[in-house]
Every structure is written in C-alpha cells, then in structure tokens.
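A structural walkthrough
Residues per chain are reported as follows:
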Amino acid sequence: MPRNNSIKSVLIIGSGPIVIGQACEFDYSGSQAARSMREEGIEVTLINSNPATIMTDKVVADNVYLKPLEPESIIEILQNHKIDAVLPTMGGQTGLNLAIKCNELGIWEEYGVQIIGVDIKAIEITENREEFRRLMKKIDIPMAPQATATSFLEGKKIAQEFGFPLCIRASYTLGGAGASIVHDPQDFDNLLERGLQLSPIHEVMIDKALLGWKEFELELLRDENDNVVIICSIENMDPMGIHTGDSITVAPAMTLSDTTYQRMRNMAIKMIRSIGNFAGGCNVQFAVSPDEKEEIIAVEINPRVSRSSALASKATGYPIAKIASKLAIGYRLDELKNQITKTTSAFFEPTLDYVIVKIPRWNFNKFPGSNRELGLQMKSVGEVMGIGRSFQEALQKACQSLEINRNGLGADGKELTNQTEILQSLEKPSWNRLFHIYDAIKLGIPFKTIIEKTKIDFWFLKQIEELIKLEQQIEKYHLHNLPKELFFEAKQKGYADRQIAHLLRCLESEVSAKRNELGIKRVYKLVDTCAAEFEAQTPYYYSTFEDENESVVSDRKKVVVLGSGPNRIGQGIEFDYSCVHGVLAAKECGYETIMINCNPETVSTDFDTADKLYFEPVFWEHIYDIIQHEKPEGVIVQLGGQTALKLAEKLDRYGIKIIGTNFRALDLAEDRGRFSEMLKMNNIPFPEYGVVESAEQALQLADELGFPLLVRPSYVLGGQKMKIVINKEELETHVVDIIGEMGSNKILLDHFLGGAIEAEADAICDGKDVHIIGIMQHIEPAGIHSGDSYAVLPPYNLGDFVMQQIEDITRKIAVELETVGLINIQFAIKDDKVYVIEANPRASRTVPFIAKAYDEPYVNYATKIMLGEKKVKDFNFNPKKEGYAIKIPVFSYEKFPEVKKELGPEMKSTGEAIRFIKNLKDPYFMKIYAERNMHLSK
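So, here is what we can say about the structure in this document. Bear in mind that the values here come from a model prediction, so they are computed numbers and not experimental data. Residue positions are counted from 1 within each chain, in the order its sequence is given. Selection of residues for local features in this predicted model requires a pLDDT of at least 70, selection of side-chain atom pairs for listing and counting requires 80 or more, and totals for whole chains, interfaces and linings are taken over all residues. Heavy atoms throughout the structure, all of them, feed into the side-chain values; hydrogens and water do not.

**Structural notes on the overall build of the protein chain**
Where we set the bar: A run of H or I in DSSP counts as a helix once it spans at least four residues, and a run of E counts as a strand once it spans at least two, with each numbered from the N terminus. When accessible area is computed with a 1.4 Å probe and restricted to protein chains, residues below 20% of their type maximum are described as buried, those above 50% as exposed, and intermediate ones as partly exposed. Should any heavy atoms of two residues lie within 4.5 Å, those residues are counted as being in contact. Residue burial considers only the protein chains on display, and all accessible areas are found by Shrake-Rupley using a 1.4 Å probe. Neither His nor the chain ends is counted toward charge; the positive residues are Lys and Arg and the negative residues Asp and Glu. To locate a charge, the coordinates of NZ of Lys, CZ of Arg, CG of Asp or CD of Glu are taken.
Along the protein chain, the regular secondary structure elements total 31 helices and 33 strands. For the C-alpha atoms alone, the extent of the protein chain along its principal axes is close to 75 × 75 × 65 Å. Buried positions account for 66% of the 938 residues belonging to the protein chain. Pairs at least 24 apart in sequence give 71% of the contacts found in the protein chain among residues at least 6 apart. For the protein chain, the exposed surface amounts to about 33,800 Å²; the carbon and sulfur share of it is 48%. Treating the 107 positive side-chain charges of the protein chain as one cloud and the 133 negative ones as another, the clouds have centres 1 Å apart.

As structure tokens, this is what we get:
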C-alpha cells in the first residue's frame, strides 16, 4: 500500500518536561518522526512544553507550540491549522494520555482529525490491566496470577487469596509510578493506598511476584498489511523485580536459547496483532523462568515508541521512530529503504556482530535520606550505552561512560572488601550493585551465594569472573615485561589504559606509550544493521581492538563536538540541544562534523545528525584516540556541559586546539578563588569570600566572613554539594563531608547575601564585542539554585539602574575572560547593588529557554563565532520580544516520597517547562509569585 496522500498535515504530541521515567528518549523519537514526515512533504505541527529540547526547535517542525499539554492547547492548534492526523506515539505516556483525553472529549472527531500510529482501543487494552489480562487469556498467552482492584477492600481480598510476595502496579502511570513489590504484609496497606491514589483511574493490578525470573524485551514494528519485524531483543541482566529503566540491559539477548527466543518472538507477534489494528512501533516485555524449562510469561505491551525504542535504535542502527512514523501514514515495510545501507529493504530484522550494554545513571546524592533500593518504580535519571565486540568490552566501556569516578569495572583500587556490606548490597540492589558483584567474586564469595541473593544469571557472573582472572594474570608483570598477547587481550576486553596502569603500578601515559609502541591500536567498526553482509552508507562507529579499521578519514576540514554524556540532574537535555545546534552550524560553515557521545537517548547520537558519529565514552583515552585518527582542526567543549569541559585541561596539555574560549579562561571561571580575584581587580562587586582546603581553615575563615555562609566546591555542576550554613557546627560537618566525597577539591566560602534578588544574563562574545541575548530574574530570592528557580524573561521588576549594572558587568566579564562563544553570569542584587555570584563561559542550561522565548538560534550564532567564521556584528539580532516567558522547574519528588521537599543551593529539578504570558497581571504569574514566596517564607 502506498502512502496515504490524504494526510498533508500532522500534529505530533511531545512528552513535556523531563521527569524520572520519561526522559530525552522521546525528544529523540519526536525529532526523528518530525523529520521523517517532512521528508514526505507533510506539514508538521508540534506541541510540547519543554524548551530544552531540539524537538521544539524550528529546525525540526514547521509549526512549534510551546504550550501546556492540555486539551485547551490542542483546540487552539486545531483552530489555527488544518490538521489531518495526530501522531501521539512519540510523546511517551504523556502524549498517549493527552490523545486519549482529547478522544474522550470528542475533540479529534469534531475537527476531523485521524489518529495514526496507534489504535485508541489498543492503548486502553494495554493500560487497563484487567482488560489486558482478559485478552491474554483469550489468545493463550500465559501471565502471572493477577487481579485488579479499584478499592482498598478489593486489594486486601486479592492479597489474602494470592499470598506474599506480591507486585502492585498502578494503571495509566509512567516509569512504574505507584508500583512496588510487597514482601511483608505489614507494608501492603500503605503501598496499596499509594498505588490507587497515583492511578488516574484509581485502579491497580496485583500480581503474584515472579521474583528471580529473567526479564526480556522485544522491539517490534508492524505495518498496515500486518507485516511484523522484530528489531531487537534486549535482556535485563537484573531479574524481575527491578524496573527495566533501572536495569542493566544487554542486546542481543545473551542467555536465551534459540528455541525459547523463537517462542517469545511468536508470542510477541501474536500479542501485537491481537491488541488492535494499527501500524507503528511496539515494545513487549516477558519473564522467563531461570531453569531448563524456560517458561515464558507476558509482563506487558506498549503500543508506542518506548524508552527502550531509543536504545534499540542506537543498538541496531535501525531508526525505529523514523520508520514507525512512515508506517503510520500508510507505507508498508517492504516499500521503505533500510536507512543505514540505503540499498536493502526496511522489511528485515537487524543482525548484530557486536554487543551493547546499557547502564542506568542515578542521582541519589541529590536526595539525602532517599530509599536507594531499586524496585518496580524507576529511579534513574539517565543512561549510557557501550558497544563492543564482546559483552565484556561493552560492559567496561559502559562503566567508563558513567562519570561516577570509576575507570571501568574494577582495576581502580576502589573495591569494597567488607564481606557483610557486600552481601547486604547484593540482596538490596542499588546503583552500585554491579561493582559489588565484581567485589564479591574477587573476594571469593561463592557463585551459589551471589546467585541466591541477586538472582542474576550464572553466565553474567562467569563473564565478570573472567575479567578478574585476567587482572590477576596482568598483576604478575610490570609494564616492561607484560606479554603483548596479554596486553592485547585486556584491551579487547575493554580495559582502559588507566585500569591497566593501576594493575601494573605505573602511569596511564606510560601504558598508552607502550601500547602504541607495540602497535596495539584502536580500530573503528561500522554499526551497519546487517553484520557487514551489505555495505553501509551511514558513518556510525564504535571502537575495538582488531586489525581492520572501517572508519575512512576524509581530507575535509573537520571539527569534533564533545557530547554531554548521560543525563543527570544539573546536566540534562539542554546540553544535547546545544551540541546538535553546534553540529548543524559547523556543517553550514563547511566543516565535516564529528560527534562523540555515549548517551543512547539523545538526538546528538542519531545516525544522521553529524557527518560522523563515534558512539564512545566521553572519556579521555577514547577521545584522544579518535582525535589522533581524525586529526580535526579542533574540538568544541563548551556545548557539552561539565562532561566536555572537564576534558579541556588535557586537550590543552596535549596541544589540541580548543575551539572558542581557551582553556585558561575556562579554568579561571571554574576556579572560584581565582575568578573572585579577577573580579576584585576589575572593581566588580562580589560577596566576600575565601578559599579553604580543610575544616580547620574553614572555621578560621568563618570568623572573618561571618554567617550565613554559602559553602561550595570548585569544578562542580548543578550546585553539587553547595549548602548555606548558619553556624560553625554545620560548617565543619559540611566541609568534612565535601572532602570525604570529593577529595582534595578547593572549597569556596562566600558570605551569603540573605534576602537578595537573583538574576542571570546570557551573552555571546567574539573576544571583543558582546551581545547580551537575555537577562532573567528569578522569582525566588537568592539561595535557591538557578535550575530550581522560576525565572522570568525579561526581568519583571528590576529598575533601569540595576539593569545597567548587569549589562555593564556582563560585557566587562565576557571580554576579561576572552570569551569566544557563549557565557552565562549569575547575579545577586541587594539594595540596588549588583554582585556577581559566578560566570560560566560555556553553553548554559538557560540558552535553549532564551532561544525558544525569543525565537533566535543563539547556539548556531555562537558556534560560527567559535569557529572564527563570524563576528558578533555580523548577526542581525531580531528577537521576538512579546510579553514575558517563564521558566518552570519540574521535579520528580514522587519517586522519593520519604525525602523532604526542600530547595537550596544544590539543584534537584529533573526538567523544565516554559509558559508565555502577556503581562504581569496574568493570573498564572500572580499565582506562582505568591505561592513561591509564601512557601519560602515558611
């Protein structure tokens, strides 16, 4: 069947602000779908309330509505545009819920809008646990014993019938919200009540818990002719009982027999065909018994692009969202081209000649007192993916990507050796269980005990044991006499030079030099979807250690853009937005663009964003080897947040050109003490401060500065470890805490300006001229991290005198720091005097917000200035300044109900939304202004 030509205009519903359980994977999916539709000449209108995404940018859609995801906004769009169809499957649960709500209100029918990519009945069947259970029974798909409850009494009756342990799952929720495993009957009442309250239809499914069963996922695509392909099998290393978003996952599945895989495949196809007549993507989850029988039980099915779809796309190279959107407008799978080979059909199942490992990234340290045990409710804020020729290589690369001060899995001297603590960690899984499994095996704890406590398959433990045995072999040697074969084996298994240096008791640089001397060099392989059976046209690479190198270096001038790594609180999707714009701008300037990143959720790691994609850890050794291979003109570090900036010092030391602001200026701004000295020399006001390296020094300095004090370490992101202290006891405790967690980092003590107003400015500078792109005023007073504050653009009550000071200071600092590109400066205003809190000569979290508010591609401009292609005066800045834009922080506190909801200098929000108002009398502004100030005064 050819494309449905009656569809000329499509509405895509986004997923809203980033929250735990629904992150930037939907930005990736929505962006890819929009581009796919526009290729067909279809007008794309997009609604999303998230300003930090590339999805809500003019480069993605014809019409962008930065509006609340509510039926009123949908009606406004339908009144302004002739929309033929709505695609709600790219916006996660949020997009689906809005589509259902509009359907119930009769909005789609009233405006003649067709729903494509999914069947509403399919959504209702899969989200309504009782309906889904009945359907599975009808088509002979086994499920765990389960029943639905819509009241407290019904739930109690089911629990009595099934016995414990039980699983409670709330209907129509996101990221496992309201889900829990109940072992103790005493906990059941509270958890049941919570699940009922979190479900929008006041319904929970209560299952007999399948603890210890293995969990698998299949990603499928289906067309209107009922053709189905399995894109990827994914195995959860963690067993049932841990949310798949919090599980370490592997593709392809490692421990599944072929016979069982074929049965699972047939069951998945049967399930997708039974839930409704639709064309698009689907994710199916299964549980498999951990014995020779390998019994299969269906867990759930999601008839939409899911969190795992982005992972499966990056794992296979198959652009699921792009193909799913084309299927939604009538194409058949056999009519579409494989986007990687450009010659074969999309009606094929990808074959992998490599392994991928995904590891989640958590931010528990942002929520002191939180329950860190993993379960059915997702708690991770991001993820990384490693690609290797073996599971072991992919596992090490994924661990190197996490940015948690580990050099990989093991071989870094940070092992836990307390047997009691290790055993407790194995039994109660948290963010570090993988590392503690390694520690347990190294300590000699029997496999039987480890399996009993973790329920992790023997095969995975054996793989980790092999790594430990290899380390023990290496430790017998020194660098000068290490056999080349053993060296090569360690590199093939993913060990970083830094890890090998630890084992050989020498320096990383010495290992690297020896490796090159021996000719043990990294080569790059294509992700081609077909195990090299057909020639691939798309340059998407990963590294390994073999003979043949598939990455051909061109003679074009090149630039490397360093990505921002895994999402975490304080460094989220807004930096990926900047990286993508940086790539697009460099392309416009004639550069071959090279993207390096390890985050499978992002648009920057889409196979067709940059000219070349290296899916590698943003980790020195990997970066340096790519630079040595490609020989670029330089590297852009100021778009990738703290991840990229931390590599600037080494790049500078190794003589690699940093594009834009130089390392000396970047380092000066990050070093709070030296930066304050620079302000002093330029007569720029700043709070009285001092730099200390111990608790004793801090106590002495406190006598000079006086309380309250803002305590903050240098070189951190998202206000990490910042705290306002009001006495010596608090000061001593916090400084000791910082030193214990962060080592010898310098600590800055500022006299805190209580009751001050906070504001910030973003600007573009070419080293000489400065253009201020936006000044924002926070609704909360100083003391709340800027990422957690409501911010109004332009300021709502700063007078001309204060505004002039901000503008003058911004220009002076930008030039003094020799800024070439972007800079963000934060201010505290007290008694009409403007004080500088900090300056960041890089892309900030606020740049996408200002760009969307004023409809100007500021990162594009800044990148061209960084590359030396343009000056500030070359741009005709023409921002659309109508009314005010409000940046709204969004939190995920519901994942941590035990945590006190307190705001302070350390950032805790997971995402943001934008709201436009015409004037300050707007009821929304008046409401939040009153609420925020009332809340803080309490």
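**Describing helix H18 (residues 497–504)**
Burial runs high along H18: 6 of the 8 residues are buried. Among the residues of H18, those classed as buried are Asp497, Gln499, Ile500, Ala501, Leu503 and Leu504. Where H18 is buried, its residues meet helix H12 (391–401), helix H16 (458–474), helix H17 (484–492), helix H19 (508–517) and helix H21 (620–630). Immediately beyond the C-terminal end of H18, within one or two residues, lies arginine 505, with a positive phi of roughly 60°.

**Let's talk about the sheet that holds strand E8 (residues 180–182)**
Note the following rule: Only strands that DSSP links by at least two bridges are regarded as paired with each other. Fitted lines through C-alpha atoms give the axes, limited to the stretch in contact for helices. The angle between two N-to-C directions lies from 0 to 180 degrees.
Strand order across the open sheet formed by 4 strands is E6-E9-E7-E8, with antiparallel pairing between neighbours. Among the strands making up the open sheet, the edge pair consists of strand E6 (146–149) and E8. Taken over all neighbouring pairs, the strand axes of this sheet differ in orientation by 25° on average, direction set aside. The pairing of strand E7 (residues 166–170) with E8 spans 3 bridges and is antiparallel. Across the sheet, cysteine 167 pairs through a bridge with isoleucine 181, a residue of E8. Sheet strands in contact with helix H7 (residues 152–162) are E6, E7 and strand E9 (204–208), and its direction is about 165° off that of E6.

**Overview of the pairing of strand E32 (residues 884–890)**
The buried count for E32 comes to 7 of 7 residues, which makes it a mostly enclosed element. Where burial is concerned, the two faces of E32 agree: the one with Tyr884, Ile886, Ile888 and Val890 and the one with Ala885, Lys887 and Pro889 are both buried. Sheet analysis places strand E29 (residues 791–793) next to E32, joined by 3 bridges and oriented antiparallel. Paired with leucine 793 across the strands is alanine 885, a residue of E32. As paired strands, E32 and strand E33 (residues 911–917) are joined by 7 bridges and run antiparallel to one another. Paired with tyrosine 884 across the strands is isoleucine 917, a residue of E33.

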